[in-house]
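# Breakdown of the fold
Residues per chain are reported as follows:
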Amino acid sequence: MIRPIPESELIINPDGSIYHLNLKPGQVADSIITVGDPERVEKITRYFDTIDLKAHKREFVTHTGWYKGKRLSVMSTGMGTDNIDIFLTELDALFNVDFSSRTPKSKHTSLEIVRVGTSGSMQESIPAGTHLASAYGLGLDSLMVYYHLPQHGMASQLAAAVREKLGLPYTPYCVQASWKLLARFGESMQKGITVTCPGFFGPQGRKVRLEPAFPEIFNLLGSINLGEYAFTNFEMETAGYYALGKLLGHEVLSLNAIVANRINQTFISDTEAILDEMILHTLEKFSL
Ligand code: R1P
Ligand code: URA
């Protein structure tokens, strides 16, 4: 007999909802748009025909409803891969764990998850205003130290090249996007390797009052030339999504609205307009 997952490991609230996401099985669609900013959820679901469920707890806001005949959920995660650990583990449990027996279900449900987020470009040729689909996510954060992520092929070569270029004391992790979702949602977009950082300032080479340890990080990464894709942009979640998504058996793609260009030090004034275009594109592709 399979041992139930103990109460301390999979925490279910008294009302039957999962601990952080505050959701019960059945309340989330198997096609999901994710965002960092909780206020962006409503900016997406205002286009829905109906919204059947709204829930929130902490930074995790969820709306589930219908867009042109397609059942979708839109969920916010807050910032950083530590949040993605909580988000993807609990989201997966809602589908793949039987809450009454507290055991994994024998039939696996694979989700389609598309992140719609903002990002900064590290290539002069990719200006603010660009829509970019992440072909790979390279994580400079430590989340994957705590899981068993197999690393091979191009992804492991990219991770080794970054370690060498920056002289890091550890090897980053690198994971490919869902090729299926990349073809479907990213076909018309710029593609590249997204570098996921454990912070917005120092880890992305930004100086406000403190001197970053790698002030040239965007030039160093931007100059690595290996394979089909260049290192193109910084953000804070993609690699965590790709790595945990792969381990949990889900299709994941990260779409980035480039709001800053780090080389020519520009920031787009109307971030809402470029995000809105990406939102409408994503909704349309889901509805086809
Ligand atoms: C930093 O400003 C935040 O913006 C990006 C980063 O990944 C980080 O979460 O994504 P979102 O716009 O989705 O939050
Ligand atoms: N989000 C990031 O993490 N970095 C940027 O430069 C812009 C958005």
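Keep in mind the model is a prediction, meaning the values are calculated, not measured.

Further remarks concern the environment of R3. Its place among the elements puts R3 in the segment before β1 (31–35). Note on R3: relative accessible area 67%, which makes it exposed. Taking the C-alpha atoms as reference points, R3 and M154, 151 residues apart in sequence, are found 38 Å from one another. For R3, the residues in contact, after removing those within four places along its chain, are R102 and T103.

A complete count under the given rule lists eight salt bridges for this structure. Between E272 and K43 there is a salt bridge; the shortest N-O distance is 3.5 Å. Placement of E272 in helix α7 (residues 271–287) and of K43 in helix α1 (residues 38–45) is noted, with a sequence separation of 229 residues between them. The class for E272 is partly exposed, based on a relative accessible area of 40%. The salt bridge partner of R115 is E237, with a shortest N-O separation of 3.5 Å. Here the residue R115 occupies a position in strand β7 (residues 112–121), and E237 occupies one in the loop between β11 (231–235) and α6 (238–248), the gap between them amounting to 122 residues.

Right, let's get into the site of ligand 2. T118, S119, G120, F200, Q204, R206, F234, E235, M236 and V259 make up every residue found near ligand 2. Q204 is positioned with one of its side-chain polar atoms (N or O) 2.8 Å from a nitrogen atom of ligand 2. Contacts to ligand 2 include R206, whose side-chain N or O atom sits 2.6 Å from an oxygen atom. Notes on ligand 2: free accessible area 240 Å², of which the protein chains cover 93%. Secondary structure elements with two or more residues in the shell around ligand 2: β7 and β11. Looking at the shell around ligand 2 element by element, the count peaks at three residues for β7. Grouping the amino acids of the shell around ligand 2 by side-chain chemistry returns four nonpolar, four polar and two charged.

Cut-offs applied
- In every chain, residue numbers begin from 1 and rise along the written sequence.
- For naming, the first written chain is A and the first written ligand is 1, with later ones following in the order written.
- Under the rules for a predicted model, residues below a pLDDT of 70 receive no local features and side-chain atom pairs below 80 are neither given nor counted, while totals for whole chains, interfaces and linings still include all residues.
- No hydrogens and no water enter the side-chain calculation; it runs on all heavy atoms of the structure.
- Helix and strand assignments follow DSSP, with helices taken as H or I runs no shorter than four residues and strands as E runs no shorter than two, numbered in order from the N terminus.
- Between buried and exposed lies partly exposed: a residue is buried under 20% and exposed over 50% of the maximum accessible area for its type, with that area taken using a 1.4 Å probe on protein chains only.
- Here a residue-residue contact requires only that any non-hydrogen atoms of the pair lie within 4.5 Å.
- For this analysis, a salt bridge means a side-chain nitrogen from Lys or Arg found within 4 Å of a carboxyl oxygen belonging to Asp or Glu.
- Proximity is defined per residue: any heavy atom of the residue falling within 4 Å of a molecule or strand makes that residue near it.
- Whenever a nitrogen or oxygen atom comes within 3.5 Å of another N or O atom, the pair is scored as a polar contact, on the condition that within protein one atom can donate a hydrogen and the other can accept it, and that pairs from neighbouring residues in sequence are kept only if both atoms are in side chains.
- What sets the accessible areas is the Shrake-Rupley method with a 1.4 Å probe; for residues, cover comes only from the shown protein chains.
- Gly falls in the polar group here, along with every residue not listed as nonpolar (Ala, Val, Leu, Ile, Met, Phe, Trp, Tyr, Cys, Pro) or charged (Asp, Glu, Lys, Arg).

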